[in-house]
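Observations on the three-dimensional arrangement
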Amino acid sequence: MDWLGQKRAEMLMQVLLLASAVAAFVVGYVRAEFQLMLLVYAGGVVLTALVTVPNWPFFNRNPLKWLDAAEAERHPRPQVSAGAAAVGKKKSGKNK
């Protein structure tokens, strides 16, 4: 799943859960049955999980382009020098 696919899945999850909560409330209120309301909401949660958890193809529309291993060897990561590592450390001792 790419970054935009994660954003789509999150948005879709929020919309589906909100819609199932509203539908469950309306059904429970009209029928005056708390258990039915919980069943409708549980069905909405299961439907939301089935739609958003698997890695569906519409979540992979913008794939990431990774660096090839050969290309990575030509451009090594910068190394942290000892002086730069010491700059971030706090001095220990008491201030008088």
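Residues numbered from 1 in each chain as written. Predicted model: local features only at pLDDT ≥ 70, side-chain atom pairs only at ≥ 80, totals over all residues. Heavy atoms only, no water.

Another point: the UniProt feature "transmembrane region" (unreviewed entry) in the protein. The sites that carry the UniProt feature "transmembrane region" (unreviewed entry) are, in the present numbering, residues 12-30 and 36-56. Annotated as 100% helix and 0% strand, the span residues 12-30 places its first and last C-alpha atoms 27 Å apart. A helix fraction of 81% and a strand fraction of 0% characterise residues 36-56, whose end C-alpha atoms lie 31 Å from each other. (UniProt positions renumbered as here; feature names shortened; annotations may be inferred. Helix = DSSP H or I, 4+ residues; strand = E, 2+ residues; numbered from the N terminus.)

Glancing now at the pattern of salt bridges. Within this structure, the stated rule accounts for one salt bridge. The closest approach of N and O atoms between Arg-31 and Glu-33, which form a salt bridge, is 3.3 Å. On the accessibility criterion, Glu-33 (34% relative accessible area) is partly exposed. (Salt bridge = Lys/Arg side-chain N within 4 Å of Asp/Glu carboxyl O. Buried < 20%, exposed > 50% of the residue type's maximum accessible area, 1.4 Å probe, protein only.)

For the rest of this paragraph, the subject is the packing of helix H1 (residues 3-31) against helix H2 (residues 34-52). The packing of two helices is summarised by the inter-axis angle and the distance between the axes. Orientation of H1 relative to H2, taken along the N-to-C sense of each, is 165°, at an axis distance of 8 Å. Relative to H2, H1 is oriented roughly antiparallel. Crossing handedness for the pair H1 and H2: right-handed. Of the residues assigned to the contact of H1 with H2, the class counts are 16 nonpolar, five polar and one charged. (Axes fitted to C-alpha atoms, helices over the stretch in contact; angles between N-to-C directions. Parallel < 35°, antiparallel > 145°, perpendicular 65-115°, else oblique. Left-handed = near helix turned anticlockwise from the far one by under 90°. Nonpolar A, V, L, I, M, F, W, Y, C, P; charged D, E, K, R; others polar.)

Helix length check: H2 (19 residues) gives 27 Å between terminal C-alpha atoms against 27 Å at 1.5 Å per residue, within 8%. Where H2 is concerned, the buried positions are Met-37, Gly-44, Thr-48 and Thr-52. All buried residues of H2 fall inside an arc of 50° around its axis, so they share one side. Within H2, the exposed residues directed more than 90 degrees away from the buried face are Gln-35, Leu-39 and Leu-50. Of the surrounding elements, those touching the buried residues of H2 are H1. (Expected span 1.5 Å × (residues − 1). Arc of directions from axis to C-beta. Contact = heavy atoms within 4.5 Å.)

We now examine the environment of Val-53. Along the polypeptide, Val-53 turns up in the loop between H2 and helix H3 (69-74). For Val-53, a relative accessible area of 63% puts it in the exposed group. Residues Val-53 and Glu-10, 43 residues apart in the sequence, show an inter-C-alpha distance of 10.0 Å.

Although it is not a glycine, Ala-32 adopts a positive phi angle of roughly 55°. Among the secondary structure elements, Ala-32 is positioned in the loop between H1 and H2.

A few words on H1. Each full turn of the α-helix corresponds to 3.6 residues, which orients residues three or four apart in the same direction. Counted at 1.5 Å a residue, the expected span for H1 with its 29 residues is 42 Å, and the 42 Å between its end C-alpha atoms agrees. Lining the buried residues of H1 we find H2. Where H1 starts, the residue carrying a side-chain oxygen 3.3 Å from the main-chain nitrogen of Leu-4 turns out to be Asp-2. Just beyond H1, the residue with positive phi is Ala-32, at close to 55°. (Polar contact = N/O pair within 3.5 Å; in protein donor to acceptor, adjacent residues only side chain to side chain.)

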